[in-house]
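Residue strings, one per chain:
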Amino acid sequence: MNFIMKYWDIFVEGYSSYSSYLWYEITHPGWHNYFYWLLVVSAFFFILELATPWRKDQPKFRKDFWLDFFYMFFNFFLFSLIIYNAASDVVVNLFNDGIKAITGGFDLQANNPLNGAPLWLILIVGFLVRDFVQWWVHRLLHRSDFLWEFHKVHHSVQQMGFAAHLRYHWMENVVYRSLEYIPLALLGIGLYDFFIIHIFTLAVGHYNHSNITVPGYVTGGVLGLLVGLVIATGGFDVNLLQDPSMGVQFATVAGSVAVGSLLVGPFMKKIFNSPEMHIWHHSYDLPEEHRYGVNFGLTLACWDYIFGTAYIPYNGRDIRLGFPGVETFPEGFVSQNLHGFVGANKEERVMENGLPGVSGNGTTKDDVPTSSVK
Ligand SMILES: [Zn+2]
Ligand SMILES: [Zn+2]
């Protein structure tokens, strides 16, 4: 009983300390908190959408803009943080205690391979591991009938824009956070490291869903700018420059932008996800050979190229978005978040699968795919 109480205490402790932390964040604007990052990053992409829209005839306040706006704060702010922190402490403690019990005292944290590594290395490894795990989790969301019902909320977007990034069922938080946590805990990725990684992936995720189209030399230049700023200021334990003068710092940033734009730029769309690639992930119709989906990448595109799930047959600017059955999918926040537990029935799946005999009028429709979009 004591054993259970210990984990319960850790769980409650995680929630209460985090609630006060979150309240502090909201009431203390600054550059080191999530809440204001979310505002700034969202405003940035919204302005870009207004200034240079990819789909020029899409309304500025597209269908479901405000629904997605609400989802942004609900998911990003409340759930991902609260659940992450509370559950992670539980998982870490259970995990460490479990390993110790099984191995007779082996201390996982003390033997963490990244102990003593500079922050930049921890961030890069943490980012790569997390993105790779997320890629597989995303595939799982499409492959499993049970999980797909939850993930449909994200795929119910019919007009794409930056805020659609965070339209997803609350269960996705549970699935993603718990599955990605264990490898990150193994590597000893702390909450602060996770913050930095998460802000970066937030920005790329917003970008992927934005109604904009940006050439690789521009995104490569932006990446070069970020790297240059880190090197010039010696951030994240990068110690390439010893007490650089202003001139050296400026030259470092300028050089890094040039390298990013000219050398990395041509490969940016193969390395990182993009609106041009992710729009196909949201395609209503999918090719027969990819009936469980394409372009699963969240931040990086390279996993899809490595594992053969990359698919950009032509410019997808104006393709139809959603999935067969999206026409009758719940439209409100509450009903969408109950979906998967209630409302999903077998008949619906049969209809979505476009199997014979369910169209009701006995005619064959060419526009009904023979497999479901998953
Ligand atoms: Zn998906
Ligand atoms: Zn998406």
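Look above for the structure.
Residues numbered from 1 in each chain as written. Chains lettered and ligands numbered in written order. Predicted model: local features only at pLDDT ≥ 70, side-chain atom pairs only at ≥ 80, totals over all residues.

Chemist: Describe in detail the packing of helix H4 (residues 119-143) against helix H6 (residues 170-186), supporting the description with residues and values.
Modeler: Between H4 and H6, whose axes approach to 9 Å, the crossing angle comes to 140°. By the angle between their axes, H4 is oblique relative to H6. For the crossing formed where H4 meets H6, the hand is right-handed. Contacts from Gly126, Val129, Arg130, Val133, Gln134 and Val137 of H4 reach H6 at Val175, Tyr176, Leu179, Glu180, Pro183 and Leu184. By residue class, the composition of the contact of H4 with H6 is eight nonpolar, two polar and two charged. (Axes fitted to C-alpha atoms, helices over the stretch in contact; angles between N-to-C directions. Helix = DSSP H or I, 4+ residues; strand = E, 2+ residues; numbered from the N terminus. Parallel < 35°, antiparallel > 145°, perpendicular 65-115°, else oblique. Left-handed = near helix turned anticlockwise from the far one by under 90°. Contact = placed C-beta atoms within 7 Å. Nonpolar A, V, L, I, M, F, W, Y, C, P; charged D, E, K, R; others polar.)

Chemist: Explain unusual backbone geometry residue by residue, including any values.
Modeler: If you check the backbone angles, Asp64 has positive phi at about 70° while not being a glycine. Among the secondary structure elements, Asp64 is positioned in the loop between helix H2 (34-51) and helix H3 (65-103). Positive phi values are uncommon outside glycine, yet Asp237 reaches one of about 65°. Among the secondary structure elements, Asp237 is positioned in the loop between helix H8 (216-233) and helix H9 (246-264).

Chemist: Account for H2, naming residues and giving values.
Modeler: At 3.6 residues per turn, the α-helix brings residues three or four places apart onto the same side. A rise of 1.5 Å per residue sets the reference length of H2, with its 18 residues, at 26 Å; its end C-alpha atoms lie 26 Å apart and thus fit the reference within 8%. Every buried residue of H2 is accounted for by Ser42, Phe45, Phe46 and Glu49. The arc that holds every buried residue of H2, seen down its axis, measures 105°, which confines them to one face. Turned more than 90 degrees off the buried face of H2, the exposed positions are Val40, Ala43, Ile47 and Ala51. (Expected span 1.5 Å × (residues − 1). Buried ≥ 20, exposed ≤ 12 C-beta atoms within 10 Å, placed from the backbone. Arc of directions from axis to C-beta.)

Chemist: I'd like a description of the environment of Leu225, backed by residues and values.
Modeler: Mapped onto the elements of the fold, Leu225 is located in helix H8. Leu225 gets classed as partly exposed once you count the C-beta atoms within 10 Å, which come to 16. Separated by 31 residues in sequence, Leu225 and Ser256 place their C-alpha atoms 6.2 Å apart. Ignoring sequence-local partners within four residues, the contact set of Leu225 consists of Val253, Ser256 and Val257.

Chemist: Which residues make up the nonpolar core, and what are the values?
Modeler: In terms of nonpolar packing, the biggest core is built from 33 residues, with Met160, Ala163 and Leu166 touching the most fellow members. Those elements that place two or more of their residues in this core are H2, H3, H4, helix H5 (145-155), helix H7 (191-209) and helix H11 (275-281). Considering each element in turn, this core owes the most residues, four residues, to H5. When residues no more than four places from it in sequence are discounted, the contact partners of Met160 are His209, Asn211, Ile279, His282 and Leu321. Judged by nonpolar contacts, the second largest core, of nine residues, contains Phe127, Tyr181, Ile189 and Ile197. (Core = buried A, V, L, I, M, F, W, Y, C linked by C-beta atoms within 7 Å.)

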